[in-house]
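# Observations on the model geometry
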Amino acid sequence: DIVLVRHQENAERGDIIVALIDDEATVKTYSPEADCIMLIPANDAFQPIIISPEDNFRIAGIVVSLMRRM
């Protein structure tokens, strides 16, 4: 898969983002809550990632397109 991403450091609820957590990147749906941020996977076999204020987290960009090789 190839993901096209627009670089920006903020997002709206429901945006699919590239998130950086420590030194790892992940693509998830962004869901800010009152006391944390939830990163929701598209695959139901995986659990959401819960980000607390103490975590080293930032938004690298918003996914604008996905290309899959058939």
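Let us look at the structure shown here. (Residues numbered from 1 in each chain as written. Predicted model: local features only at pLDDT ≥ 70, side-chain atom pairs only at ≥ 80, totals over all residues. Heavy atoms only, no water.)

### Brief notes about the overall build of the chain
- Counting its regular elements, the chain contains 0 helices and 6 strands.
- Overall, the chain shows an N-to-C arrangement of helices and strands of β-β-β-β-β-β.
- By principal-axis analysis of the C-alpha atoms, the chain measures approximately 40 × 30 × 25 Å.
- For the chain, the proportion of its 70 residues judged to be buried stands at 29%.
- By sequence separation, contacts in the chain at least 24 residues apart represent 50% of the contacts at least 6 residues apart.
- Here the chain has roughly 5300 Å² of accessible surface; of this, 51% comes from carbon and sulfur atoms.
- Computed over 6 positive and 12 negative side-chain charges, the inter-centroid distance for the chain is 11 Å. (Helix = DSSP H or I, 4+ residues; strand = E, 2+ residues; numbered from the N terminus. Buried < 20%, exposed > 50% of the residue type's maximum accessible area, 1.4 Å probe, protein only. Contact = heavy atoms within 4.5 Å. Areas by Shrake-Rupley, 256 points an atom, 1.4 Å probe, with all protein chains shown as cover. Lys, Arg positive; Asp, Glu negative; His and termini not counted. Charge placed at Lys NZ, Arg CZ, Asp CG, Glu CD.)

### Regarding the pattern of salt bridges
- The full count for this structure, using the stated rule, is 2 salt bridges.
- Between E33 and R13 there is a salt bridge, and its shortest N-O distance comes to 3.4 Å. In this pair, E33 sits in the loop between strand 3 (24–32) and strand 4 (37–40) while R13 sits in the loop between strand 1 (2–7) and strand 2 (16–21), placing the two residues 20 residues apart along the sequence.
- A relative accessible area of 52% means that R13 is categorised as exposed. (Salt bridge = Lys/Arg side-chain N within 4 Å of Asp/Glu carboxyl O.)

### Comments concerning the sheet that holds strand 1
- As summarised here, the arrangement of the 6 strands in space is 1-6-2-3-4-5, forming an open sheet in which the pairing is antiparallel. Across the chains shown, the open sheet's two edge strands, defined by having one partner strand only, are strand 1 and strand 5 (49–51). Between one strand and the next, the sheet's axes are offset by a mean angle of 45°, whatever the strand orientation.
- Judged from the 5 bridges that link them, strand 2 and strand 6 (residues 57–67) form a sheet pairing that is antiparallel. Paired with I17 across the bridge in strand 6 is I62. (Pairing = 2+ DSSP bridges. Axes fitted to C-alpha atoms, helices over the stretch in contact; angles between N-to-C directions.)

### Some thoughts on a nonpolar patch on the surface
- A cluster of nonpolar side chains, namely V3, V5, I16, V27 and L66, defines an oily patch on the protein surface of about 370 Å² accessible area.
- Within the element layout of this structure, V3 appears in strand 1.
- A residue is classified by how much of its surface remains accessible, and V3, at 35% relative accessible area, is partly exposed. (Patch = residues over 30% accessible without salt bridge, like charges linked within 9 Å, V, L, I, M, F, W, Y side chains within 5 Å.)

### Points about the side chain of K28
- Considering the arrangement of structural elements, one finds K28 in strand 3.
- Buried charge without a partner: K28 forms no salt bridge, and the closest opposite charge is E24, 9.1 Å away.
- There is a polar contact of 2.7 Å between the side chain of K28 and the side chain of T26.
- Those residues in contact with K28, other than ones at most four positions away along the chain, are D15, I16, I17, L39, I40, P41 and I49. (Polar contact = N/O pair within 3.5 Å; in protein donor to acceptor, adjacent residues only side chain to side chain.)

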